[in-house]
Amino acid sequence: MIKGRVIGRIWSTKRIESLPQGALLEVEVEGGVKVIAFDPLGCGDDEQVLITQGSVAAGFFEGFKAPVDALIIGSIDEHM
Amino acid sequence: MIKGRVIGRIWSTKRIESLPQGALLEVEVEGGVKVIAFDPLGCGDDEQVLITQGSVAAGFFEGFKAPVDALIIGSIDEHM
Amino acid sequence: MIKGRVIGRIWSTKRIESLPQGALLEVEVEGGVKVIAFDPLGCGDDEQVLITQGSVAAGFFEGFKAPVDALIIGSIDEHM
Amino acid sequence: MIKGRVIGRIWSTKRIESLPQGALLEVEVEGGVKVIAFDPLGCGDDEQVLITQGSVAAGFFEGFKAPVDALIIGSIDEHM
Amino acid sequence: MIKGRVIGRIWSTKRIESLPQGALLEVEVEGGVKVIAFDPLGCGDDEQVLITQGSVAAGFFEGFKAPVDALIIGSIDEHM
């Protein structure tokens, strides 16, 4: 998995039908690479998150083939 | 998923039979990397798009194994 | 597979249900890239480990689809 | 998919049995990265080609599990 | 596939049970990246090899899910 910080959200009105409704967050990974991940957890700006990628991410959606290759699977507990 | 901007289109006359008919767009991702993605949405030059990659992309095509590892799944709404 | 050194551990309280309980270790790969991997072996800080990635990593978990795309499969014997 | 130019061919006499007979071409992708791809189309030196990667590439081979993770799926029409 | 040169071997005594017995070779790919690949061919130091990656590599092992995401599928014939 990779760790990153939420830096925004994107909207897509013109989209393929099988793309599930839900938040698509832009996440910046260490090194500056940006990934767009589906968020089932309701994460917010600046939150640190854990992302899984590839076919494993699509496996989260049951009963249909979701075209999702990046999924937020957890919010990382910040240390004080 | 990754975000990029359409910069062109490619044509391939000599191709394997299982490659579906349809637009193959060249998309430039942040950082300068270029990806060729299958476009089922009719996107145009300079449009900002969302791309899914890997076996998840091929899952869009039903009833046969499409040799497609990059698929445009949405056009990104531009903010004004 | 890739080789790396354990540099820490992360905790995630807010997480999707299918993420298995167990250690999530932060591993630094040569070149400085960091990966978060599920650890079924009880590895500790500074231990050198072998990581498998992608759907192959999820295959370790039986009977359900784990959203895990990086798995520690071995601790590397250090040479004296 | 990625776009590249054929720069050579490799031969492998000592190989695993499930590797299909056929051309293994060395392709240089923009940025200088080199990929070895299976070529079912008879492409030649300096030809510009389209490559699909991952399990999608192996899906081209029917009836057995080919250990092929990069496949030339088309020759790119050159513009005049 | 990618091409690389064998630079060493690693041993792992503390490992998950499903990791097959056999050689795990360290291979340096052009550009300096290092990959650890399972070797069913008995390759030696300094030998140039062809590696397949991802779930395709695991498909080589029959009857069980091997946690192997990199497999040596051939030794490259050296030109004189």
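All chains use their own residue numbering, which begins from 1 and follows the written sequence. Naming scheme: in the order in which they are written, chains are lettered from A and ligands are numbered from 1. Under the rules for a predicted model, residues below a pLDDT of 70 receive no local features and side-chain atom pairs below 80 are neither given nor counted, while totals for whole chains, interfaces and linings still include all residues. Hydrogens and waters are ignored; side-chain quantities use all the structure's heavy atoms.

Some points on the confidence of the model for chain A
Turning to step 1, where the next piece is worked out: The score called pLDDT rates the predictor's confidence residue by residue, from a low of 0 to a high of 100. Residues at a pLDDT of 70 or more form 98% of chain A, whose mean pLDDT is 96.
Turning to step 2, where the next piece is worked out: Taken together, the chains of this predicted complex give a pTM of 0.96 and an interface ipTM of 0.96.

With respect to the interface of chain C and chain A
Turning to step 1, where the next piece is worked out: Facing 24 residues of chain C, the contacting portion of chain A comprises 25 residues.
Turning to step 2, where the next piece is worked out: Buried surface at the junction of chain C and chain A, summed over both partners, amounts to about 1,800 Å²; 58% is from carbon and sulfur atoms.
Turning to step 3, where the next piece is worked out: Accessible area that two parts lose when put together, with a 1.4 Å probe and added across both, is what the buried area reports. When the buried surface of chain C facing chain A is broken down by residue, C:K14, C:I16 and C:D69 rank first, second and third, together holding 34% of it.
Turning to step 4, where the next piece is worked out: Salt bridge, as used here, is a side-chain nitrogen of Lys or Arg placed within 4 Å of a carboxyl oxygen of Asp or Glu. Scanning the region where chain C abuts chain A turns up 3 salt bridges.
Turning to step 5, where the next piece is worked out: In this structure, the salt-bridge partner of C:K14 is A:E47, at a minimum N-O distance of 2.8 Å.
Turning to step 6, where the next piece is worked out: By the criterion applied in these results, polar contacts are pairs of N or O atoms within 3.5 Å in which, for protein atoms, one can donate a hydrogen and the other can accept it, and in which residues neighboring in sequence qualify only through two side-chain atoms. Taken together, the links from chain C to chain A amount to 13 residue pairs in polar contact (both at pLDDT 80 or more).
Turning to step 7, where the next piece is worked out: Starting at the N terminus, helices and strands are each numbered in turn, a helix being any DSSP run of H or I of at least four residues and a strand any DSSP run of E of at least two. Counting only elements with at least two residues in the side of chain C that touches chain A, the list comes to strand 2 (23–29), strand 3 (34–39) and helix 1 (55–58) of chain C.
Turning to step 8, where the next piece is worked out: The greatest single-element share of the side of chain C that touches chain A, amounting to 5 residues, is contributed by strand 3 of chain C.
Turning to step 9, where the next piece is worked out: Residues are grouped as follows: Ala, Val, Leu, Ile, Met, Phe, Trp, Tyr, Cys and Pro are nonpolar; Asp, Glu, Lys and Arg are charged; all remaining types, including Gly, are polar. Of the residues that constitute the side of chain C that touches chain A, the class distribution is 14 nonpolar, 4 polar and 6 charged. Two residues form a contact once any of their heavy atoms are found within 4.5 Å.

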